[in-house]
Amino acid sequence: MALRLNQDNFQEKVLKAEKPVLVDFYSDTCIPCKQLAGILGDIEDEYENQILVYKVNVNYEQNLTAEYKVMSAPTLLLFVDGEEKSRKRGVIDEDAIKELIEPYI
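Everything numeric here is computed off the predicted structure, so don't read it as measured data.

Asker: Can you help me understand the environment of F25 in this one?
Answerer: Positionally, F25 belongs in strand β2 (residues 21-26). Judged by its relative accessible area of 0%, F25 is buried. Sequence separation of F25 and Y68 is 43 residues, and the distance between their C-alpha atoms is 9.9 Å. Among residues more than four places away in sequence, those in contact with F25 are V56, V58, L64, T65, Y68, V70, A73, P74, T75 and L77.

Given below as structure tokens:
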């Protein structure tokens, strides 16, 4: 299961990561977020040595949510070498997530 990040560890875990990082901005009460969680678990297992997967709760980490202009949950952001390379909103299927990350692994 993806580690939950906060303002204190986001820079170290995401922006300084040596691997691509997929960050799920989610809410505990969001049904689409719960649907996406299972898909992200499969991605995390399949690409465990190639990509990092983390979660940011939009209700508790409002500074991060505002900084990255996340307007809805779920929103996936892909970071490579500390830069946002891609973003997807809403529930997307496993194939769409693979298309998002594979050019960077």
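Asker: So what exactly am I meant to see when it comes to the sheet that holds strand β1 (residues 3-4) here?
Answerer: Across a sheet, strands are paired by hydrogen bonds formed along the backbone, either parallel or antiparallel in direction. With respect to topology, five strands assemble into an open sheet ordered β1-β3-β2-β4-β5, the strand pairing being mixed. In this open sheet, the two edge strands, each paired with only one partner strand, are β1 and β5 (83-89). As paired elements, β1 and strand β3 (residues 52-57) share two bridges and run parallel to each other. Counterpart to R4 in the pairing with β3 is K55.

Asker: When you look at the nonpolar core in this model, what are you seeing that I'm missing?
Answerer: In globular proteins that are soluble, nonpolar side chains generally tend to be buried together. In this structure, L22, L76, L78 and I97 are the most contacted members of the largest nonpolar core, which totals 16 residues. Every element with two or more residues in this core is listed here: α2 (31-46), β4 (75-80) and α4 (94-101). Every residue in contact with L22, bar those within four places of it in the chain, is listed here: L40, I51, L52, V53, Y54, L76, L77, L78, I97 and L100. Membership of the second largest hydrophobic core comes to 15 residues, among which are F10, A17, V23 and Y54.

Asker: So what exactly am I meant to see when it comes to helix α1 (residues 7-15) here?
Answerer: Residues that lie three or four places apart on an α-helix share one face, since the helix turns once every 3.6 residues. Residues of α1 that are buried: N9, F10 and V14. Taken end-on, α1 shows its buried residues confined to a sector of 125 degrees, consistent with a single buried face. Facing away from the buried side of α1, by more than 90 degrees, are the exposed residues D8 and E12. Where α1 is buried, its residues contact β1, β2, β3, α3 (62-67) and β4. By the N-cap criterion, in which a side-chain oxygen at the helix start approaches the backbone nitrogen of a residue two or three places on, α1 is capped by N6, the distance to D8 being 2.8 Å.

Conventions adopted
Residues numbered from 1 in each chain as written. Predicted model: local features only at pLDDT ≥ 70, side-chain atom pairs only at ≥ 80, totals over all residues. Heavy atoms only, no water. Helix = DSSP H or I, 4+ residues; strand = E, 2+ residues; numbered from the N terminus. Buried < 20%, exposed > 50% of the residue type's maximum accessible area, 1.4 Å probe, protein only. Contact = heavy atoms within 4.5 Å. Pairing = 2+ DSSP bridges. Core = buried A, V, L, I, M, F, W, Y, C linked by side-chain atoms within 4.5 Å. Arc of directions from axis to C-beta. Polar contact = N/O pair within 3.5 Å; in protein donor to acceptor, adjacent residues only side chain to side chain.

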